[in-house]
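Below are the chains, spelled out letter by letter.
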Amino acid sequence: MTEPILRLEGVQVSYRGAGLGVQGLDLEVAPGEIVAMLGANGAGKTTTLRAVSGFLPGEVARLSAGKVYFKGRSVGHQAPHKRTRAGMGIVPEREKVFRLLTVEENLKVCASSRRGHDAAQTMALIYELFPPLHERRGVSAGFLSGGERQMLAIGRALMTGPDLLLADEISLGIAPGLVVQLLDTLRRINQEQNTAILLVEQNAAAALRVADRAYVLEHGRVVLDGTPKELLGREDFFSAYFGLTEESAEVGDAPLTSSPYPEGASHEL
Ligand code: ATP
């Protein structure tokens, strides 16, 4: 089997004075794979992503047990910028961009000088993937809509030339139609650049449309994992972890049934 690009072994994160954010969590992402983390509020999705990226605020939280391996190297106690340099691209929560800089300046400041990464080519790809960013490339990011800022946040992460993209709740505050579009764009990035993606998503239906596999977290632990088809085939998937019935879980016009893909659509890479 191929060596995973990311492997978490028994990861435990402690929040000072507030107990454990995640406990004994194991997870893997293979090169070029899209993996979703699902679960109710407070399940530990964002905390897991922070343990991977290194953005655990030292005064509040720490990796108190377990290992994070990136490309086979233990990085659990490495600074975030070193992980970025090694090939992790981070799309932060809540559309964090430099609001006073233009769209293009926001992209340029993230340009990586990693070997084999062509920043100009990546910028051209970002503009192709997100036409509104091209149209508004000279505009200050503070004037963008929430959805456009989210596109810019994804673009900024891509400018670092990542082998693994970490995306936290890109659907937050975004119209349902645009969520599907953004996630489809992530799938395109994955296919065209062979970038592995670990995404945290509240919108399980939208995430399962694009993910190769998913982990369901509850109380800081993995309680289910599998392909979308496997998960959707389990009776306990809807009721136990989301309090949903199959009928109530819908994305736009596409009901989330045992097949998350539109009829006739291929999910193969
Ligand atoms: P959501 O979907 O609501 O964002 P989540 O699955 O991402 O939730 P986390 O934010 O990772 O969950 O939270 C996991 C646990 O860690 C929760 O019990 C939460 O209360 C706790 N926690 C998260 N951030 C902090 C913090 N800054 N200080 C203390 N406890 C925290």
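Structure's up top.
S.K.: Explain the site of the ligand to me, please; I cannot follow it from the model alone.
M.R.: The full set close to the ligand counts 14 residues, and N41, G42, K45, T47 and Q202 are the nearest of them. Measuring from a nitrogen atom of the ligand, one finds a side-chain N or O atom of Y15 at 3.4 Å. Residue K45 places a side-chain N or O atom 2.8 Å away from an oxygen atom belonging to the ligand. Here the ligand, which alone exposes 640 Å², has 65% of that area covered by the protein.

S.K.: Explain the environment of T185 here, please?
M.R.: Counting through the fold element by element, T185 comes out in helix 7 (residues 176-193). Exposure remark for T185: the relative accessible area of 11% places this residue in the buried category. In this structure the C-alpha to C-alpha distance between T185 and V210, which are 25 residues apart in sequence, comes to 9.6 Å. Beyond its immediate stretch of four places on either side in the chain, T185 contacts L129 and F130.

S.K.: Help me understand unusual backbone geometry, please; the structure alone is not making it clear to me.
M.R.: One can expect most non-glycine residues to show negative phi and most peptide bonds to be in trans. For E169, which is not a glycine, the phi torsion comes out positive at approximately 50 degrees. Note that E169 resides in the loop between strand 7 (164-168) and helix 7. Notably, H219 is not glycine yet its phi reads approximately 45 degrees, a positive angle. Among the structural elements, H219 can be located in the loop between strand 9 (213-218) and strand 10 (221-226).

Conventions adopted
- Residues numbered from 1 in each chain as written.
- Predicted model: local features only at pLDDT ≥ 70, side-chain atom pairs only at ≥ 80, totals over all residues.
- Heavy atoms only, no water.
- Near = heavy atom within 4 Å.
- Polar contact = N/O pair within 3.5 Å; in protein donor to acceptor, adjacent residues only side chain to side chain.
- Areas by Shrake-Rupley, 256 points an atom, 1.4 Å probe, with all protein chains shown as cover.
- Helix = DSSP H or I, 4+ residues; strand = E, 2+ residues; numbered from the N terminus.
- Buried < 20%, exposed > 50% of the residue type's maximum accessible area, 1.4 Å probe, protein only.
- Contact = heavy atoms within 4.5 Å.

Read these as layout, nothing more, since geometry by itself doesn't imply function.
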